[in-house]
Amino acid sequence: MEKALTSEKIIILDFGSQYTQLIARRIRETGVYSEILRHETSLKKIKELKASGVIMSGGPESVYSKKALKFDSKLLDSEIPILGICYGMQCMAKHFKGKVSSSNKREFGNATLKINKGSIFASLPPKTKELNVWMSHGDKVSKLPKGFKKIGSSNNSPIAAFENTKLKKYGFQFHPEVTHTHQGQKILKAFVRDICGCKGYWRPKNIVNSLVEDIKKQVGSKKVLLGISGGVDSSVVAALLSKAIGKNLECIFVDNGLLRKGESKQVKKDLKRGLKLNINFSDSEKLFLKNLKGEYDPEKKRKIIGKTFIDVFIKETKKLKNISFLAQGTIYPDVIESSGIKNGKAHVIKSHHNVGGLPSYLKLPLIEPLNSLFKDEVRKIGKELGLPDYLIKRHPFPGPGLAVRTLGEVTKKKLEILREADSIFMEELNRHKLYDKVSQAFAVFLPIQSVGVVGDARRYEYVIALRAAETTDFMTAKAAKLNHIFLNLVSDRIINEISEVSRVVYDISSKPPATIEWE
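Only a predicted model underlies this, so the values are computations on that prediction, with no experimental measurement involved. (Residues numbered from 1 in each chain as written. Predicted model: local features only at pLDDT ≥ 70, side-chain atom pairs only at ≥ 80, totals over all residues. Heavy atoms only, no water.)

**Student:** Break down the packing of aromatic side chains for me, with residues and values.
**Tutor:** Under the criterion given, the structure shown has eleven aromatic pairs. Pairing Tyr33 with Trp202 gives two aromatic rings, centres 4.9 Å apart and planes at 50 degrees, and the pair type is tilted. Of the two residues, Tyr33 sits in strand β2 (residues 33-38) while Trp202 sits in the loop between α5 (184-195) and α6 (204-219), which places them 169 residues apart along the sequence. Trp202 carries the same exposure label as Tyr33, and that label is buried. Plain terms: the ring middles of Tyr170 and Phe191 are 6.3 Å apart, the flat faces sit at 75 degrees to each other, and that makes the pair edge-to-face. Here Phe191 lies in helix α5 and Tyr170 lies in strand β9 (residues 169-172), a separation of 21 residues in the sequence. Assessed through its relative accessible area of 0%, Phe191 is described here as buried. (Phe/Tyr/Trp six-rings, centres within 6.5 Å; stacked < 30°, edge-to-face > 60°. Helix = DSSP H or I, 4+ residues; strand = E, 2+ residues; numbered from the N terminus. Buried < 20%, exposed > 50% of the residue type's maximum accessible area, 1.4 Å probe, protein only.)

In structure tokens:
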């Protein structure tokens with residue numbers, strides 16, 4: 001198992017690109033494990049990790065800028081296959097005595113790549129001469145490095161792709177990891193499989209077996225306490241732990257008063273039916289609402305909820321005997337958004353209640369078996385573990401619950417309004433068979449009031465925002481293109497059935513720059 005998961009590894013050096021995580025995700029889709037490291041990681045370290053290949057990411061800087069991010073130049077002189085993307089390509093061009101110049105015109109968005117015959121493009125369909133690709137750059141390679149061959153160009157980038165097959169060094173000015181680039185996944189797979197020689201051991205069955213073995217080694221015959229919400233992540237963790245340690249797993253479901261309409265009862269039903277676990281239930285609504293009273297700041301709300309969760313766990317743990325570990329359903333995007341990329345350059349976007357910040361007085365070691373996995377990988381693992389579709393296909397629901405979908409201060413009244421609106425939205429999505437066609441959908445309570453007219457009476461009440469997103473990895477997302485007839489139906493129902501709402505809006509923001517959740 002160790003060989004299956006770690007003998008093949010693609011290292012991604014992070015130069016600050018917004019797409020770095022996407023590169024990692026796309027490489028894993030080829031069946032090969034990928035790991036993100038800082039841009040200045042040494043060749044020695046990369047060799048110690050036994051990397052099969054390296055990808056140098058894009059980034060916002062110029063290679064000639066004083067702020068240019070440095071890297072170990074010995075890496076490019078090594079025998080390790082390397083692919084440079086955007087800034088990574090420019091670093092490669094500069095190192096091998098090519099030339100990088102500033103463009104008079106930035107190239108951002110869709111572009112047509114004219115392909116010259118090159119080995120890395122050999123896997124593309126026969127007679128492919130052009131590709132629609134995604135560009136995002138200011139500088140460009142203006143002089144080909146010695147020993148390199150031009151294999152692609154665009155109107156704004158005469159050298160948009162090059163290669164030196166003898167050195168196994170390749171560069172793209174475009175971004176193959178972005179879905180806008182046609183055949184991008186095939187191109188990445190050609191690098192990983194054909195050039196780096198990887199076979200593809202990163203598969204759900206292998207991952208499950210490895211995680212189960214890791215848990216057994218870490219836990220032994222001791223007991224683990226898991227806070228379970230009924231969402232995909234905690235359900236998969238519960239299934240993994242159950243497989244690894246059986247009856248030594250104790251689960252707690254905390255009803256924090258921040259769940260959707262009827263969710264507490266539904267979660268109990270689903271978990272008992274799908275996992276057959278012994279679950280302890282804690283009704284803690286009053287405690288959470290008391291602690292959140294008067295707080296408007298989203299970051300502080302998250303931290304309050306996180307601390308309250310821990311306090312409840314400690315309280316519940318005292319009722320149980322011989323608990324030695326605390327388990328959580330933290331996944332990779334949670335870690336990225338909360339504390340930046342491990343060893344990388346990411347900024348903190350927002351705190352997650354289950355990431356870091358555990359108090360020193362909580363003397364339970366933490367088990368987070370999913371913290372290096374993306375959401376779709378978690379779902380695949382859930383399927384491998386035999387979890388039913390009604391558990392693994394549920395839309396993601398944030399740990400802080402409706403508290404981060406209720407902007408401003410959280411009160412019981414606002415939560416009740418939001419629950420009703422969200423319930424109507426979910427009901428119509430399911431009735432129109434749209435629920436499984438969007439990746440995540442929910443309603444948001446806005447702390448503003450708007451004038452409306454119901455009958456002949458003036459109504460000055462709250463506003464509800466609807467959000468539906470489409471994504472494959474939850475690192476990037478687009479608003480779902482729900483038709484206006486459907487949205488009008490949902491809006492009419494919410495306004496007519498909830499007297500405290502006078503207006504409904506639909507969020508069409510993409511991620512980035514927005515996040516999927518509003519707080």
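Further notes follow.
**Student:** Any details on the pairing of β2? Residues and values, ideally.
**Tutor:** In terms of strand pairing, strand β1 (residues 9-14) meets β2 through six bridges, oriented parallel. Its bridge partner being in β2, Leu13 is matched across the sheet by Leu37. (Pairing = 2+ DSSP bridges.)

**Student:** Residue-level account of the pattern of salt bridges, with values.
**Tutor:** Scanning the model with the defined rule gives 24 salt bridges in all. Among the ionic contacts, a cluster of salt bridges with common partners joins Glu427, Glu428, Arg431, Arg493 and Glu497. (Salt bridge = Lys/Arg side-chain N within 4 Å of Asp/Glu carboxyl O.)

**Student:** Tell me about unusual backbone geometry, and name the residues and values.
**Tutor:** Between Lys511 and the following residue, Pro512, the backbone shows a cis peptide bond with an omega angle of -15 degrees. Topologically, Pro512 is positioned in the segment after β18 (501-507). The residue after Pro512, namely Pro513, is reached through a cis peptide bond having omega 10 degrees. In this structure, Pro513 sits in the segment after β18.

**Student:** Provide a residue-level description of the packing of helix α2 (residues 20-29) against helix α12 (residues 375-384), including the pertinent values.
**Tutor:** In the contact formed by α2 and α12, the axes pass within 11 Å of each other and the chain directions differ by 30 degrees. The angle between α2 and α12 places the two elements in the roughly parallel class. From α2, Arg25, Arg28 and Glu29 reach across to α12, where they touch Asp376, Glu377 and Lys380. Partitioned by chemical class, the residues of the contact of α2 with α12 number no nonpolar, no polar and six charged. (Axes fitted to C-alpha atoms, helices over the stretch in contact; angles between N-to-C directions. Parallel < 35°, antiparallel > 145°, perpendicular 65-115°, else oblique. Contact = heavy atoms within 4.5 Å. Nonpolar A, V, L, I, M, F, W, Y, C, P; charged D, E, K, R; others polar.)

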